[in-house]
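Structure at a glance
These are the residues of each chain, in order.
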Amino acid sequence: MTARTSAQALADVASALVEDHEITGLLARLVSDCAALLPADAAAVLVRTGDGAFELLSATSHRVDELELYHAQRDSGPCVDAARTGERSSAVGSDAIVSRWGDVGREIVDAGFLSVHAFPMHWRGHAIGGLNLFSVTAADLTEPSAVLAQSFADFATLAIVQPAALGDEDLAERVTEALEGRVVVEQAKGVLAFQLGLEMAEAYDELIARASSNGSTLAQVAQHVVRTAQER
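Residues numbered from 1 in each chain as written. Predicted model: local features only at pLDDT ≥ 70, side-chain atom pairs only at ≥ 80, totals over all residues. Heavy atoms only, no water.

1. Concerning the environment of V64
Locating V64 in the fold gives a position in helix α3 (residues 62–74). Of the residues examined, V64 reaches a relative accessible area of 0% and is grouped as buried. The spatial distance from the C-alpha of V64 to the C-alpha of V185 is 15 Å, given a sequence separation of 121 residues. Ignoring anything within four residues of it in the chain, the contact list for V64 reads A42, A43, A44, A59, F113 and F134. (Helix = DSSP H or I, 4+ residues; strand = E, 2+ residues; numbered from the N terminus. Buried < 20%, exposed > 50% of the residue type's maximum accessible area, 1.4 Å probe, protein only. Contact = heavy atoms within 4.5 Å.)

Spelled out as structure tokens, the structure:
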């Protein structure tokens, strides 16, 4: 049980949004809070790019990172449905998950998850992506948990589009900025995995630990790791 409350988590995100925030680190903290404060074992944010494709922005672990990338490649899955319909997309139990999403559903079950709930990230009448929650237990969300999850999805949207109402071109630019931050994180994971003899999942945990210990953002730590490796 975490001592941190949902109110504190949302307040921290709100505080970051009124300042000059760094998207990659803010989304990483947001999905981490989702997994800790909701009946979920993992969380991720998938967004639609300017050309209509889907890309992963943040995930709580390397395992979920790979799972969501597969969803994006197959153009199918809970987050894809939530983004396209603008409605919550859920399935509980292995049979229901596989029946609904076929091969993508099988990947979810094979990863050890028995329930999945995706919430749309609404912006001015359409959904730009989705927040996905995964659980190893087959259970639906209570109404209060669903409301909280949608609030996290809304804050994830604001983290991308803040500080002002943006046109389509500006919005695409912000999404690209967030994706570039994720690319640096992926590069840094590879560098640490090679340098320290770690698995990719362990390398991601090392990045998170370094960011937490020195007060830097995830993107700043990743950039430092990559830059240092290039200078050697």
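2. Focus: the pattern of salt bridges
In total, this model carries 10 salt bridges according to the counting rule given. For R74, the salt bridge is made with D103, and the minimal N-O distance between the two is 3.7 Å. With R74 in helix α3 and D103 in helix α5 (residues 94–110), this pair connects stretches of sequence that are 29 residues apart. Owing to a relative accessible area of 41%, R74 belongs among the partly exposed residues under this scheme. Taking the relative accessible area as the measure of exposure, D103 reaches 47% and is therefore partly exposed. The partner of R100 in a salt bridge is D81, with the nearest N and O atoms 4.0 Å apart. Of the two residues, R100 sits in helix α5 while D81 sits in helix α4 (residues 78–85), which places them 19 residues apart along the sequence. One connected set of salt bridges, linked through shared partners, spans D65, R182, E186 and K189. (Salt bridge = Lys/Arg side-chain N within 4 Å of Asp/Glu carboxyl O.)

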